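Listed below, chain by chain, are the residues.
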Amino acid sequence: MRSKSWVSHLRPKKIPFRRRFARASVALIFRRVENAHEELLFIQRARREGDPWSGDMAFPGGRLQPEDESARAAAERETLEETGMDLGRQGRYITRLSDLITRHHSRLRPMVVTPYVFEWHGSRTILPNHEVERAVWVPLDYLAAGENQSQLPWRTPLGTLNMPCCRYQDACIWGLSYSMLQELLTAGINAKSKIPH
């Protein structure tokens, strides 16, 4: 009998009444490289005046638009716009992860973000648009290693918080992206050899 893949063990959490909130979605895209290693794609957001997440490392994605048929469709559309990667044609959908809540950009209203996982089978060439400063493929083994975990001091009106993060070269992965990454790694590391081909 063929063993079940690691995604069959995922039980992603859905936030109740999420359709009443502003919605966004992102794509966690991994690819296989030599020696069967996997790499995960991150983008660094373009630096913009007044944008609190300017320059942050993130996954491709953005807000749902009226023309989007679903949150997953929004993740695919945003990925195509931001990176030129057509997930519908050259990617393979794997699963979704748990919903997360964040603050709607420049507003106090909360926003629900849904992550979707894909495997990429297309070209190695990425074509970032004006919203993206650069795209970086990071080895999953590096992201999972304990010695690469760190803390990022984050100032708030109540004082400084030390946020968990992962540093790669001159980049820092933290916040929602770090939370999504941890859920992905926890699922994958438990049955790493069973990641679907």
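Rules behind the numbers
Residues numbered from 1 in each chain as written. Predicted model: local features only at pLDDT ≥ 70, side-chain atom pairs only at ≥ 80, totals over all residues. Heavy atoms only, no water. Helix = DSSP H or I, 4+ residues; strand = E, 2+ residues; numbered from the N terminus. Buried < 20%, exposed > 50% of the residue type's maximum accessible area, 1.4 Å probe, protein only. Contact = heavy atoms within 4.5 Å. Polar contact = N/O pair within 3.5 Å; in protein donor to acceptor, adjacent residues only side chain to side chain. Pairing = 2+ DSSP bridges. Axes fitted to C-alpha atoms, helices over the stretch in contact; angles between N-to-C directions. Phe/Tyr/Trp six-rings, centres within 6.5 Å; stacked < 30°, edge-to-face > 60°. Lys NZ or Arg CZ within 6 Å of the ring centre and 35° of its normal. Salt bridge = Lys/Arg side-chain N within 4 Å of Asp/Glu carboxyl O. pLDDT = per-residue confidence, 0-100. Core = buried A, V, L, I, M, F, W, Y, C linked by side-chain atoms within 4.5 Å.

## Notes on the overall build of the protein
Regarding its fold elements, the protein presents four helices and eleven strands. Looking at the 197 residues of the protein, the share that counts as buried comes to 47%. Across the protein, the fraction of contacts at a sequence separation of at least 24, relative to all contacts at a separation of at least 6, is 65%.

## Things to note about the side chain of D99
Relative to the helices and strands, D99 is located in the loop between strand 5 (91-96) and strand 6 (100-103). In this structure the side chain of D99 is engaged in a polar contact, spanning 2.9 Å, whose partner is the side chain of R96.

## Points about the pairing of strand 11 (residues 171-174)
The side-chain alternation of strand 11 yields two buried faces, one formed by A171 and I173 and the other by C172 and W174. Hairpin geometry of strand 10 (residues 159-168) and strand 11 is characterised by an intervening segment of two residues between the two adjacent antiparallel strands and by a positive phi of about 55° at Q169.

## Some thoughts on the sheet that holds strand 11
Within the open sheet, the three strands sit side by side as 9-10-11. Their pairing is antiparallel. Pairing within the sheet leaves two strands with one partner each, and these edge strands are strand 9 (149-156) and strand 11. Direction aside, the axes of adjacent strands within the sheet are offset by 50° on average.

## Some details on the packing of aromatic side chains
If you walk through the whole model with that rule in mind, you get five aromatic pairs. Both rings, one in Y93 and one in Y116, keep their centres 6.2 Å apart while their planes meet at 50°; by these two values the pair is tilted. Linking Y93 in strand 5 with Y116 in strand 7 (residues 110-120), this pair joins segments that are 23 residues apart in sequence. Geometrically, the ring pair formed by Y142 and Y168 is edge-to-face, given 5.0 Å between the ring centres and 80° between the ring planes. Taken as a pair, Y142 in helix 3 (residues 140-144) and Y168 in strand 10 lie far apart in primary sequence, 26 residues in all. What makes Y168 buried here is its relative accessible area of 15%. Through a chain of ring-to-ring contacts, the aromatic side chains of Y93, Y116 and F118 assemble into a single cluster. It is R72 that lies over the ring of Y93; its NZ or CZ is 3.9 Å from the centre.

## So, the pattern of salt bridges
Applying the stated criterion across every chain yields a total of twelve salt bridges. For E38, the salt bridge is made with R32, and the minimal N-O distance between the two is 2.8 Å. By relative accessible area, which is 9% here, E38 ends up buried. Overlapping salt bridges, with partners in common, bring together R32, E38, R92 and E119 in one network.

## Observations regarding the confidence of the model for the protein
When pLDDT drops low, the exact placement of atoms in the prediction is not to be read closely. On average, residues of the protein carry a pLDDT of 84, and 83% of them reach 70 or more. Averaged pLDDT values for the elements of the protein fall to 83 in strand 6 and rise to 97 in helix 1 (residues 71-83). Predicted confidence is poor over residues 1-8, with pLDDT under 50, and the contacts of this stretch with residues over four places away or in other chains come to 13 contacts. Confidence drops under a pLDDT of 50 for residues 189-197, and excluding neighbours within four residues, the segment shows 21 contacts in the predicted structure.

## Digging into the nonpolar core
Ranked by size, the top nonpolar core spans 27 residues in total, and within it L28, L40, F42, F59, V117, L143 and L181 carry the most contacts. At the level of elements, strand 1 (22-32), strand 2 (38-45), strand 7, strand 8 (132-139), helix 3, strand 10, strand 11 and helix 4 (175-190) are the ones that each hand at least two residues to this core. Among the nonpolar cores identified, the runner-up in size contains twelve residues, and A27, F118, W120 and I126 belong to it.

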